[in-house]
Amino acid sequence: IENEHVAERPNFRYKKAVIVNVPKLGAVTGDIAWGGNWFFLVNQKLIDINFANISELISISSAIKQALQAQNITGMNGAEIDHIELFQDHLTADSQNFVICPGNAYDRSPCGTGTSAKLACLAADALLPPETIWRQASVIGSEFQASYKLADNQEGIIPFIRGKAYICAENTLII
């Protein structure tokens, strides 16, 4: 199944280069961005992003989230930052990410809302022109192709995400 998603409201970076002090990790720097959820996006290399490191990636991301809460670092209007996104370089994509969601669940996909938040940061830094494809790989190597256009009010972006999914089971739930 191939699908494309278009955001319903503009995505944007709220704050750049925010420093949070994380126990056992020290100072971690990231951007706060809205991509459909509030994200803390970390480009700082903390651990190799690969499936073999899932437990450590969850632990590190959870510690960052707890530190953000403890230090009252939030999204706009005090909104909780409920997603942590770690990045690193990748051999075939523009970058690779690991995303922790509420409840310490991780996203096996490149995360559409997380990729949207990343695009908002790239656009804010003028590192990715509008309508240019950005390839985002996930912790398991799956990829999204993403691009954006500027929002009508020129404040933020409207992201476009394209990816593939595979049906691996069918269920019938009787409630």
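Given the structure is predicted, the values throughout are model-derived calculations rather than measurements.

A. Molecular detail of the nonpolar core. One finds Phe 40, Ile 64 and Leu 86 to be the most contacted residues of the largest nonpolar core, which totals 25 residues. Mapped onto this core, the elements with two or more residues apiece are strand E2 (12-22), strand E3 (26-34), strand E4 (38-42), helix H1 (54-70), strand E5 (83-88) and strand E6 (95-100). Core analysis: the second largest hydrophobic core is formed by eleven residues, Ala 120, Ala 123, Phe 144 and Ala 146 among them.

B. Expanded view of empty space enclosed by the protein. In the structure shown here, the tally under the stated rule is one cavity of 30 Å³ or more. Estimates place the volume of the largest cavity at around 40 Å³. Lining the largest cavity are Gln 44, Lys 45, Leu 46, Ile 47, Ile 49, Leu 86, Phe 87 and Gln 88. For the lining of the largest cavity, a count of residues per class yields five nonpolar, two polar and one charged.

C. Representation of the pairing of E2 within the structure. Where E2 lies against E3, eight bridges are found, and the strand directions are antiparallel. Bridge pairing links Arg 13 to Ala 33 in E3. Connecting E2 to the antiparallel partner E3 that follows it, the hairpin turn spans three residues, and Lys 24 within it adopts a positive phi of roughly 70°.

D. Structural detail: the environment of Phe 39. Relative to the assigned elements, Phe 39 resides in strand E4. Looking at Phe 39, the relative accessible area reads 0%, which means it is buried. When the C-alpha positions of Phe 39 and Ile 100 are compared, they lie 9.7 Å apart, and in sequence the two are 61 residues distant. With sequence-adjacent residues up to four places away left out, Phe 39 is seen in contact with Asp 31, Ile 32, Ala 33, Ile 81, His 83, Glu 85, Val 99, Cys 111, Thr 113, Gly 114 and Ala 117.

E. Summary view of the state of the cysteines. Counted by the stated rule, this structure contains zero disulfides. Between Cys 111, a free cysteine, and Cys 101, which holds the nearest cysteine sulfur, the sulfur-to-sulfur gap is 5.6 Å. Of the residues examined, Cys 111 reaches a relative accessible area of 2% and is grouped as buried. No disulfide involves Cys 168; its nearest neighbouring cysteine sulfur is the one of Cys 101, lying 18 Å away.

F. Representation of the pairing of strand E8 (residues 134-137) in the model. Pairing of E6 with E8 involves two bridges; the strand directions are parallel. Residue pairing in the sheet places Ser 95 in a bridge with Gln 136 of E8. Note that E8 and strand E9 (residues 143-150) share four bridges and pair antiparallel. Residue pairing in the sheet places Gln 136 in a bridge with Phe 144 of E9. Between E8 and E9, which follow one another and run antiparallel, lie five residues, and Gly 141 among them has a positive phi close to 95°.

G. Local environment of H1. For H1, with 17 residues, the first-to-last C-alpha span of 24 Å sits near the 24 Å given by 1.5 Å per residue. Tucked inside the fold, the buried residues of H1 contact E2, E3, E4, E5, E6 and strand E7 (106-107). Just downstream of H1, Asn 72 is the residue with a positive phi angle, here 55°.

The rules we used
- Residues numbered from 1 in each chain as written.
- Predicted model: local features only at pLDDT ≥ 70, side-chain atom pairs only at ≥ 80, totals over all residues.
- Heavy atoms only, no water.
- Core = buried A, V, L, I, M, F, W, Y, C linked by side-chain atoms within 4.5 Å.
- Buried < 20%, exposed > 50% of the residue type's maximum accessible area, 1.4 Å probe, protein only.
- Helix = DSSP H or I, 4+ residues; strand = E, 2+ residues; numbered from the N terminus.
- 1 Å grid on protein atoms, 1.4 Å probe; cavity = no way out; pocket = protein on both sides within 12 Å on 5 of 7 lines; lining within 4 Å.
- Points joined across faces, edges and corners; volume = space filled by probe spheres on them.
- Nonpolar A, V, L, I, M, F, W, Y, C, P; charged D, E, K, R; others polar.
- Pairing = 2+ DSSP bridges.
- Contact = heavy atoms within 4.5 Å.
- Disulfide = S-S within 2.5 Å.
- Expected span 1.5 Å × (residues − 1).

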